[in-house]
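# Working through the structure, step by step
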Amino acid sequence: MPAPGVSKTPAEFADGPCRILTQTMARHSNLQKHVLSLFKQFLRAAKDKPGFLPRVQEEFRKNAKIPRSDVMHIEFLLRRGQRQLEQLKDSHTKQMGTFTKSSSDVKE
C-alpha cells in the first residue's frame, strides 16, 4: 500500500522512467573505453599548456565521425594518440604544430 500522498508503491516505480533510461543506455566496448580514457588524459595534460585544449577537442570531434565498425582505423588513431599524449606530457613541449595541405600541394 502506498504511503499517504504517494500514488505508487516502490515496486511500481521500478517500471518508470529510471528503468527505461537504464535499458536504453548501451554499454561501451573496450575500445570505446580506451578512447574515452585517452580523451580524459589529453584534457588533463592540455589544461596546463595554453592553446592545446581547443586543438585536442577539435581532433577528437573530427575523429568521432569515424564509424564504429572501422576498428583498424580507430586502433591506429588510438596508438597515435597515446604517442602524442606522451609528447604533450613532456615538460619541454611548448607548442603544437600541424601539417596541412595547401592548394598548390594537391595534384590534379
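Relevant structure appears above.
Everything quoted here is computed from the prediction, not taken from an experiment. (Residues numbered from 1 in each chain as written. Predicted model: local features only at pLDDT ≥ 70, side-chain atom pairs only at ≥ 80, totals over all residues. Heavy atoms only, no water.)

### Some thoughts on the overall build of the chain
Helix and strand counts for the chain stand at five helices and zero strands. Starting at the N terminus and ending at the C terminus, the chain contains elements arranged as α-α-α-α-α. When each of the 108 residues of the chain is scored for burial, the buried share is 18%. For the chain, restricting intrachain contacts to residue pairs at least 6 apart in sequence, the fraction spanning at least 24 positions comes to 60%. Within the structure as shown, the chain displays about 9,500 Å² of accessible surface, and the carbon and sulfur contribution to it stands at 57%. (Helix = DSSP H or I, 4+ residues; strand = E, 2+ residues; numbered from the N terminus. Buried < 20%, exposed > 50% of the residue type's maximum accessible area, 1.4 Å probe, protein only. Contact = heavy atoms within 4.5 Å. Areas by Shrake-Rupley, 256 points an atom, 1.4 Å probe, with all protein chains shown as cover.)

### A few points about the nonpolar core
Judged by nonpolar contacts, the single largest core of 13 residues is most densely connected at Leu38, Phe42, Ala46, Leu85 and Leu88. Of all elements in the fold, only α3 (30-46), α4 (52-63) and α5 (71-89) reach the threshold of two or more residues within this core. (Core = buried A, V, L, I, M, F, W, Y, C linked by side-chain atoms within 4.5 Å.)

### Overview of the pattern of salt bridges
Where charged atoms of side chains with opposite charge meet at close range, the side chains can pair. The full count for this structure, using the stated rule, is four salt bridges. A salt bridge links Arg80 to Glu59; the shortest N-O distance between them is 3.3 Å. With Arg80 in helix α5 and Glu59 in helix α4, this residue pair connects regions lying 21 residues apart in the sequence. Judged by relative accessible area, Glu59 falls into the buried class, the value being 15%. Each of the salt bridges in this network shares a partner with another, and the network as a whole consists of Arg55, Glu58, Glu59, Lys62 and Arg80. (Salt bridge = Lys/Arg side-chain N within 4 Å of Asp/Glu carboxyl O.)

### A word on a positive patch on the surface
Taken together, the side chains of Lys40, Arg44, Lys47 and Lys89 define a basic patch exposed on the protein surface. Here Lys47 shows up in the loop between α3 and α4. Lys47 gets classed as exposed once you look at its relative accessible area, which sits at 63%. (Patch = residues over 30% accessible without salt bridge, like charges linked within 9 Å, V, L, I, M, F, W, Y side chains within 5 Å. Lys, Arg positive; Asp, Glu negative; His and termini not counted. Charge placed at Lys NZ, Arg CZ, Asp CG, Glu CD.)

### What to know about the side chain of Lys49
Tracing the sequence through the fold places Lys49 in the loop between α3 and α4. Buried and without a salt bridge, Lys49 has Asp90 as its closest oppositely charged side chain, separated by 6.6 Å. There is a polar contact of 2.8 Å between the side chain of Lys49 and the backbone oxygen of Asp90. (Polar contact = N/O pair within 3.5 Å; in protein donor to acceptor, adjacent residues only side chain to side chain.)

### Looking at α5
With 19 residues, α5 extends 27 Å between its outermost C-alpha atoms, agreeing within 8% with the 27 Å of an ideal straight helix rising 1.5 Å per residue. Ile74, Leu77, Leu78, Gly81, Leu85 and Leu88 are the residues of α5 that are buried. Each buried residue of α5 lies within a common arc of 110 degrees when the element is viewed along its axis, so the set occupies one face. Exposed residues on α5 whose side chains face more than 90 degrees from its buried face are Met72, Glu86 and Gln87. Against α3 and α4 lie the buried residues of α5. (Expected span 1.5 Å × (residues − 1). Arc of directions from axis to C-beta.)

Treat this as a map of the structure, not an account of what it does.
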